[in-house]
Amino acid sequence: MNQNLFALFQSRFPGDRSTIFIETETGRLINFAELETTIARYASLIRTLDIAPGERVAVQIEKSPEALMLYLACLKVGVVYLPLNSAYRAGEIAYFLDDAQPKLVIHAPRDEDWMSPLCAGLNIEHRFTMSESGGGSWSINASRCPPNNVFESEIVPRSDHDLAAILYTSGTTGRSKGAMITHRNLSSNALTLHQYWGFAPGDRLLHALPLFHVHGLFVAAHTALLNAQHGGRMVFHSKFDAKAAVTALNDVTVFMGVPTMYTRLLAEPSFTETACKKMRLFVSGSAPLLADTFNAFQTRTGHTILERYGMTETGMIASNPLLGERKGGTVGRALPGVTVRLMNEDGGHAKTNEVGGLQVKGPNVLPGYWRMPEKNKEEFTDDGFFKTGDLGLYDVDGYIAIVGRSKDLVISGAYNIYPKELELLVDEMDGVSESAVIGVPHPDFGEAVVVVLVAKQLPPRIPAPASLPDAGFEPISESAVIAAMKTKVANFKVPKRVFIVDDLPRNAMGKVQKNELRKRYASTFMP
Ligand code: MCA
Ligand code: AMP
């Protein structure tokens, strides 16, 4: 059976192709006819460039309806879509492109200066641009491909094991891993969520998430696409703005957001019960939702946020129910078709209220990491369960609560940041002896990145003769570290504070005690 995910979506397109599917914040309306024609042109250009099914197409662009159409075109012709966070900088992108070896790169026009030499150096065959308005060399060339091209109606058949996408997730060693996601992984998860969350005729989704991560692309956009036959529509915001979201909520029925979006909505005085009068569902995920936010939301709006839990490697794993009790501080039960188990330190199944490592198995779970067979051995158990690195427990009702992580990871505003990657960069700086990167509570982002470092002992300063500039050593400073990191990593990874200390606390084995540091700096951003 053809598992091509695009075929599944297309089978849900309404018979009347003049039906609107996307409405942007600027009032642009896109119907299914335009969607299909643009996808056909993009697909045709991919084929004209001779990019074969299974080859990679890397994309680092701003959110736009065209960005979504580009993804759908990649699915249609069976090439592997590689979305990259638009905040990533040249050094980060170089690693992904070198590792994934895409045949085609599409990037924002503003990045021409560094993308051009980078792609040339890596012998990437094709490079095009796409702007936030959907313009650029990609669209220009695609517009020259007639939509009645021979490839227009061809959907490349895909089997269970064929890849739809590779998404890079950072690794604990500082080296990112490419999670290989199949068409089957995505279709099984999307179909489950569409049903579990009760998508209904006429549902309108406010889409304000980025399109380069699982939440915005595979959870939000996929469920909306599956609802197309029921007149489902997406109200598309290029970025989350709380004020604009409150206005848009007046005319939608479903919202999916990360916890920071919920706290920002609550900070808006105009966000009231009346503003949510048409809403039927608020979903939260990608990071822990604080009980305070859950409760304040209920009091303010009368709605109970439905919290769910997932991972890039697995898609969605567990969810609170649509009907029945939604419990704050829990992520509900395993989704239908997904098996979750919690393993305690003795290798047995954790009992109620006992913390265990959360493992998962199901059609949603990735087949493995791109060209990292050793990681596949580490991350999967012998009986085929994927080890999430999250710690959870079952409460008395069998709901899962995520209570911690065994992986050293910071989640800030629902973006994952692996301390090791930043520690390696800080340690490279002149004047730094060693560093530890931790996440501490933050009122807006949930957690914020903090660097704690030990400065190098500097040689005594020798005053320069008056005629020469002072060649003395600059001691390391907080501002120097922040400035340097801004040039090297995506903005969300830049530390919000840097503390310079005499030494880092260590245990008897010499390992830095991050728990101790987290306690020490816990109130850095909290009132
Ligand atoms: C922006 N900044 C951040 C973050 N975002 N710092 C830390 N963490 C962040 N997440 C920086 C900016 O660069 C800026 O720094 C300063 O903070 C203030 O930015 P602001 O304008 O307030 O931010 P924003 O542009 O409004 O973005 C906030 C945001 C965004 C809307 C919450 O971070 C976001 O869209 N997060 C969602 C990420 C997501 O989709 N995650 C899902 C992953 P400066 O002033 O120095 O420039 S998928 C997943 O996790 C799984 C599978 C799942 O379960 O869904
Ligand atoms: P990512 O690799 O970006 O897909 O992030 C996945 C991680 O986000 C998970 O392993 C969890 O640590 C975290 N996560 C996602 N949803 C939730 C949630 N509802 N509660 C707590 N943590 C979550």
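Details of the structure are given in the entry above.
Residues numbered from 1 in each chain as written. Chains lettered and ligands numbered in written order. Predicted model: local features only at pLDDT ≥ 70, side-chain atom pairs only at ≥ 80, totals over all residues. Heavy atoms only, no water.

So, about the overall build of the chain. Helix and strand counts for the chain come out as 15 helices and 25 strands. Viewed in the frame of its principal axes, the chain has a C-alpha envelope of about 80 × 60 × 50 Å. Buried residues in the chain amount to 55% of all 527 residues. Within the chain, contacts between residues at least 6 apart in sequence are counted, and of these 66% link residues at least 24 apart. Surface accessibility of the chain: about 22100 Å² in total, with carbon and sulfur atoms responsible for 53%. (Helix = DSSP H or I, 4+ residues; strand = E, 2+ residues; numbered from the N terminus. Buried < 20%, exposed > 50% of the residue type's maximum accessible area, 1.4 Å probe, protein only. Contact = heavy atoms within 4.5 Å. Areas by Shrake-Rupley, 256 points an atom, 1.4 Å probe, with all protein chains shown as cover.)

Lining the immediate surroundings of ligand 2 are 15 residues, of which Arg308, Thr312, Asp390, Lys407 and Asn416 lie closest. One of the backbone nitrogen or oxygen atoms of Ser286 is found 3.2 Å away from a nitrogen atom of ligand 2. Asp390 is positioned such that a nitrogen or oxygen atom in its side chain is 2.6 Å from an oxygen atom of ligand 2. Top contributing element to the shell around ligand 2 by residue count: strand β13 (residues 306-311), with five residues. (Near = heavy atom within 4 Å. Polar contact = N/O pair within 3.5 Å; in protein donor to acceptor, adjacent residues only side chain to side chain.)

This part covers unusual backbone geometry. Its identity is not glycine, yet Asn123 carries a phi of approximately 55 degrees, on the positive side. A positive phi angle, close to 70 degrees, is found at Ala414, a residue other than glycine. On the secondary structure map, Ala414 appears in the loop between β21 (410-412) and β22 (415-417). With relative accessibility at 18%, the residue Ala414 sits in the buried group.

You can see Leu422 is positioned in helix α13 (residues 419-427). Sequence separation of Leu422 and Pro288 is 134 residues, and the distance between their C-alpha atoms is 23 Å. The contacts of Leu422, once residues within four sequence positions are left out, are Ile417, Val437, Val449, Met485, Val489 and Lys493.

To continue, consider the site of ligand 1. If you check the shell around ligand 1, you find 24 residues, and the closest are Arg264, Ser286, Arg308, Ser412 and Lys496. Lys239 has a polar side-chain atom sitting 3.1 Å from an oxygen atom of ligand 1. At 2.6 Å from an oxygen atom of ligand 1 is found a side-chain nitrogen or oxygen belonging to Ser286. Here ligand 1 loses 75% of its free accessible area of 1000 Å² to cover by the protein chains. Listed by contribution, the elements that provide at least two residues to the shell around ligand 1 are α8 (214-226), α10 (259-266) and β13. By residue class, the composition of the shell around ligand 1 is eleven nonpolar, nine polar and four charged. (Nonpolar A, V, L, I, M, F, W, Y, C, P; charged D, E, K, R; others polar.)

Our next topic: the packing of aromatic side chains. Taken as a whole, this structure holds 21 aromatic pairs when the rule is applied. Taken together, a centroid distance of 5.0 Å and an interplanar angle of 35 degrees make the contact between Phe21 and Phe32 tilted. In this pair, Phe21 is assigned in strand β1 (residues 20-24) and Phe32 in helix α2 (residues 32-48), connecting sequence segments eleven residues apart. Across the pair, exposure class does not vary: Phe21 and Phe32 are buried alike. Measuring from centroid to centroid gives 4.8 Å for Phe282 and Phe297, while their planes differ by 75 degrees, and the two rings are edge-to-face. A residue pair is termed long-range when its members are at least 10 positions apart, and Phe282 in strand β12 (residues 281-284) and Phe297 in helix α11 (residues 291-301) qualify at 15 residues. The residues Phe282 and Phe297 share a single accessibility class, namely buried. (Phe/Tyr/Trp six-rings, centres within 6.5 Å; stacked < 30°, edge-to-face > 60°.)

Our next topic: the nonpolar core. Formed by 121 residues in total, the largest nonpolar core has its most connected members in Tyr71, Trp138, Phe255, Met256 and Phe282. Examining the composition of this core, we find that ten residues originate from one element, helix α3 (residues 65-77), more than from any other. Ignoring anything within four residues of it in the chain, the contact list for Met256 reads Trp197, Phe199, Leu205, Leu206, Leu209, His215, Val219, Ala220, Thr223 and Val283. In this structure, Leu84, Tyr415, Ala490 and Val494 belong to the second largest nonpolar core, which totals 43 residues. (Core = buried A, V, L, I, M, F, W, Y, C linked by side-chain atoms within 4.5 Å.)

Now for the pattern of salt bridges. Applying the stated criterion across every chain yields a total of 30 salt bridges. For the salt bridge of Glu66 with Arg28, the shortest nitrogen-to-oxygen distance reads 2.6 Å. Of the two residues, Glu66 is situated in helix α3 and Arg28 in the loop between β1 and β2 (29-31); the sequence distance between them amounts to 38 residues. Using a relative accessible area of 9% as the deciding quantity, one classes Glu66 as buried. Residue classification places Arg28 among the partly exposed residues on the basis of a relative accessible area of 28%. The partner of Arg497 in a salt bridge is Glu478, and the shortest N-O contact between them spans 2.7 Å. Placement of the pair is Arg497 in strand β25 (residues 497-501) and Glu478 in helix α14 (residues 478-488), with a sequence separation of 19 residues. Given the relative accessible area of 30%, Arg497 is considered partly exposed. Connected through salt bridges with shared partners, the residues Glu23, Arg204, Arg233, Asp251 and Lys278 form a single ionic network. (Salt bridge = Lys/Arg side-chain N within 4 Å of Asp/Glu carboxyl O.)

Here the focus is the side chain of His126. Mapped onto the elements of the fold, His126 is located in strand β6 (residues 126-129). According to the relative accessible area criterion, His126 is buried, its value standing at 17%. In this structure the side chain of His126 is engaged in a polar contact, spanning 3.3 Å, whose partner is the backbone oxygen of Leu49. Look past the residues within four positions of His126 in its chain and what remains in contact with it is Leu49, Ile51, Lys103, Leu104 and Val105.

Another aspect to go through is the side chain of Ser139. If you trace the backbone, Ser139 turns up in helix α6 (residues 137-143). For Ser139, the side chain forms a polar contact with the main-chain oxygen of Gly134, separated by 2.4 Å. Not counting residues up to four positions away in its chain, the partners in contact with Ser139 are Tyr42, Met130 and Gly134.

Turning our attention to the pairing of strand β14 (residues 315-319). Consecutive residues of a regular strand have side chains that alternate between opposite faces of the sheet. Most of β14 is tucked away: five of the five residues are buried. For β13 and β14, the ladder comprises four bridges, and the chain directions are antiparallel. Bridge assignment links Gly310 to a residue of β14, and that residue is Met316. Once β13 ends, the chain turns through three residues before running back antiparallel as β14. In this sheet, strand β15 (residues 333-334) lies alongside β14 in antiparallel orientation, the contact comprising two bridges. Residue Ser319 lies in a different strand from β15, and its bridge partner there is Arg333. (Pairing = 2+ DSSP bridges.)

All we've got here are geometric facts, nothing functional implied.
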